[in-house]
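Reading the structure
Spelled out, the chains give:
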Amino acid sequence: MIGGPVIEAQRLAVFREVARRGSFARAAQALRLTPSAVSQQMAALERAARTRLFERSTRGVTLTVAGTALLRTADAVHGELRRAERTLAALREQGPPSLTVATFSSAGVLLLAPALAALQQELRVATTVIEAEPARALAALHDGSVDVALVYHFNSPHPPESWREMVEGCVYRPLTRDELRLVVPAGHPLALRSRARLDAVADEPWIHGWDLPGDALDALAATQGIRPHVVCRASDFRFVQALVAARVGIAFVPALAVEERADTRALRVEPTARRYIGAYAAPGAAAHRTAHALLMGLEERAAALRES
């Protein structure tokens, strides 16, 4: 049985590095230790666990089932220690409470910035904001680098099952949802319509998104038997809409990210893909005054957006 002080935080940190790098030697180099010291610490950890944590080969090491289970604990401990370090640093400096938030750009503009403005009127908070798409935001949350992460996913109001391990112990608050809009140049044949069918633009050049928006649109197109002719891929929706205005192609943009421009038009499209937006708070963070206040502010701002 694992118990007492035999599972030390320092050994877990070394174990986590070995698991990430797949090699005692590479972990030793990253930690500025000798390979022998790393090997000895991992041998001691396996003795404490009373089971093998690694499969060793000439190419490096891979985790056993037990090692994979322990890695989840090591990640959780690492995250908690990172958050504790930030809390202690703030207390030492006797400054305002700190809050680190990850967000994608459209939620940053419409949800986070207004919520932070309201929060600063109530509490003086030292805030750090990281712009990140959901995969990077969740990695930072899991790693203990951020307290709150704004994320989005498509088609189901429930977060993807693939996120489960990354967000274990986190609090999730659903905020709002939007849909993809078809953005065309002002002079386009569809520009005077309020909505269009997806197959009406099947042969057009498309300006395509990366990551989740691109995946959602690919899946939607596949259901209609459409293979998009992609002329550009971009993650900045302002840039995408500028390219549409320049008649490079048409684009699909989430409704909350659509800019009102004289040289483009945004139409409802059928069928469409729904984007669900929410916020995760790191384990324990939601109970802290600053994180709790931010989550409440995000919910209030989301409610105002839904009513507008």
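Refer to the structure above for everything that follows.
The following paragraphs examine the structure supplied in this document. What you see is a predicted model, and the numbers here were worked out from it, not measured in a lab. (Residues numbered from 1 in each chain as written. Predicted model: local features only at pLDDT ≥ 70, side-chain atom pairs only at ≥ 80, totals over all residues. Heavy atoms only, no water.)

**Examining the nonpolar core**
Counting residues in each nonpolar core, the largest one holds 62 residues, and the members touching the most others are Leu111, Leu150, Leu182, Trp206, Phe252, Leu294 and Leu298. For this core, the element with the most residues is helix 9 (residues 289–307), which contributes seven residues. Contacts of Leu111, omitting those with residues within four sequence positions, involve Leu150, Leu175, Ile277, Leu298, Arg301, Ala302 and Leu305. (Core = buried A, V, L, I, M, F, W, Y, C linked by side-chain atoms within 4.5 Å. Buried < 20%, exposed > 50% of the residue type's maximum accessible area, 1.4 Å probe, protein only. Helix = DSSP H or I, 4+ residues; strand = E, 2+ residues; numbered from the N terminus. Contact = heavy atoms within 4.5 Å.)

**Concerning unusual backbone geometry**
A cis amide bond links Glu270 to the next residue, Pro271, at an omega of -10°. Turning to its location among the elements, Pro271 is positioned in the loop between strand 11 (264–270) and strand 12 (274–281). For Asp211, which is not a glycine, the phi torsion comes out positive at approximately 55°. Relative to the elements of secondary structure, Asp211 occurs in helix 7 (residues 211–223). At Arg247, a position not held by glycine, the phi torsion is positive, near 65°. Among the structural elements, Arg247 can be located in the loop between helix 8 (237–245) and strand 10 (250–254).

**Remarks on the environment of Ala84**
Mapped onto the fold, Ala84 is located in helix 4 (residues 65–93). Residues Ala84 and Ala303, spaced 219 residues apart in sequence, show a C-alpha to C-alpha distance of 32 Å.

**Some details on the packing of aromatic side chains**
By the definition in use, this model includes seven aromatic pairs. Measuring from ring centre to ring centre gives 4.7 Å for Phe104 and Tyr152, while their planes differ by 70°; the resulting arrangement is edge-to-face. Note that Phe104 is positioned in the loop between strand 3 (98–103) and helix 5 (105–122) and Tyr152 in strand 5 (residues 148–154), a separation of 48 residues in sequence. Phe104 sits in the buried class, given a relative accessible area of 2%. When the ring of Trp163 is compared with that of Tyr280, the centres are 6.4 Å apart and the planes differ by 65°; the resulting orientation is edge-to-face. Of the two residues, Trp163 is situated in the loop between strand 5 and strand 6 (171–185) and Tyr280 in strand 12; the sequence distance between them amounts to 117 residues. For the pair shown, Trp163 and Tyr280 are each scored as buried. The side chain of Arg233 reaches across the aromatic face of Trp210, ending 5.2 Å from its centre. (Phe/Tyr/Trp six-rings, centres within 6.5 Å; stacked < 30°, edge-to-face > 60°. Lys NZ or Arg CZ within 6 Å of the ring centre and 35° of its normal.)

**So, helix 2 (residues 24–31)**
All buried positions along helix 2 are accounted for by Phe24, Ala27 and Ala28. Within helix 2, the buried residues cover an arc of 100° as seen down the axis, which keeps them to one side. Elements that come into contact with the buried residues of helix 2 comprise helix 1 (9–21), helix 3 (35–49), strand 1 (54–57) and strand 2 (60–63). A positive phi of about 60° marks Arg32, the residue just after helix 2. (Arc of directions from axis to C-beta.)

**Some remarks on the side chain of Ser145**
The topology assignment puts Ser145 in the loop between helix 6 (134–143) and strand 5. For Ser145, the side chain forms a polar contact with the side chain of Arg82, separated by 3.1 Å. A distance of 3.0 Å separates the side chain of Ser145 from the side chain of Asp143, its partner in a polar contact. (Polar contact = N/O pair within 3.5 Å; in protein donor to acceptor, adjacent residues only side chain to side chain.)

**Considering the layout of surface pockets**
Its volume calculated, the largest pocket comes out at about 420 Å³. Looking at the largest pocket, it is lined by 23 residues, and the ones nearest its centre are Ser105, Ser106, Asp236, Phe237 and Ala257. Listing elements by their share of the lining of the largest pocket, those giving two or more residues are helix 5, helix 7 and helix 8. For the lining of the largest pocket, the element with the highest residue contribution is helix 5, accounting for four residues. For the lining of the largest pocket, the class distribution of residues is 11 nonpolar, five polar and seven charged. (1 Å grid on protein atoms, 1.4 Å probe; cavity = no way out; pocket = protein on both sides within 12 Å on 5 of 7 lines; lining within 4 Å. Points joined across faces, edges and corners; volume = space filled by probe spheres on them. Nonpolar A, V, L, I, M, F, W, Y, C, P; charged D, E, K, R; others polar.)

**Description of the pairing of strand 4 (residues 126–131)**
Pairing of strand 3 with strand 4 involves six bridges; the strand directions are parallel. Across the sheet, the residue bridging to Ala102 is Ile130, located in strand 4. In this fold, strand 3 hands off to helix 5, which returns the chain to strand 4; that crossover is right-handed. (Pairing = 2+ DSSP bridges. Right-handed = clockwise from strand over helix to strand, strands pointing away.)

**Let's talk about empty space enclosed by the protein**
In the structure shown here, the tally under the stated rule is one cavity of 30 Å³ or more. In this model, the largest cavity occupies a volume close to 40 Å³. Along its surface, the largest cavity is lined by Leu180, His208, Gly209, Pro213, Gly214, Leu217 and Phe252. Of the residues that constitute the lining of the largest cavity, the class distribution is four nonpolar, three polar and no charged.

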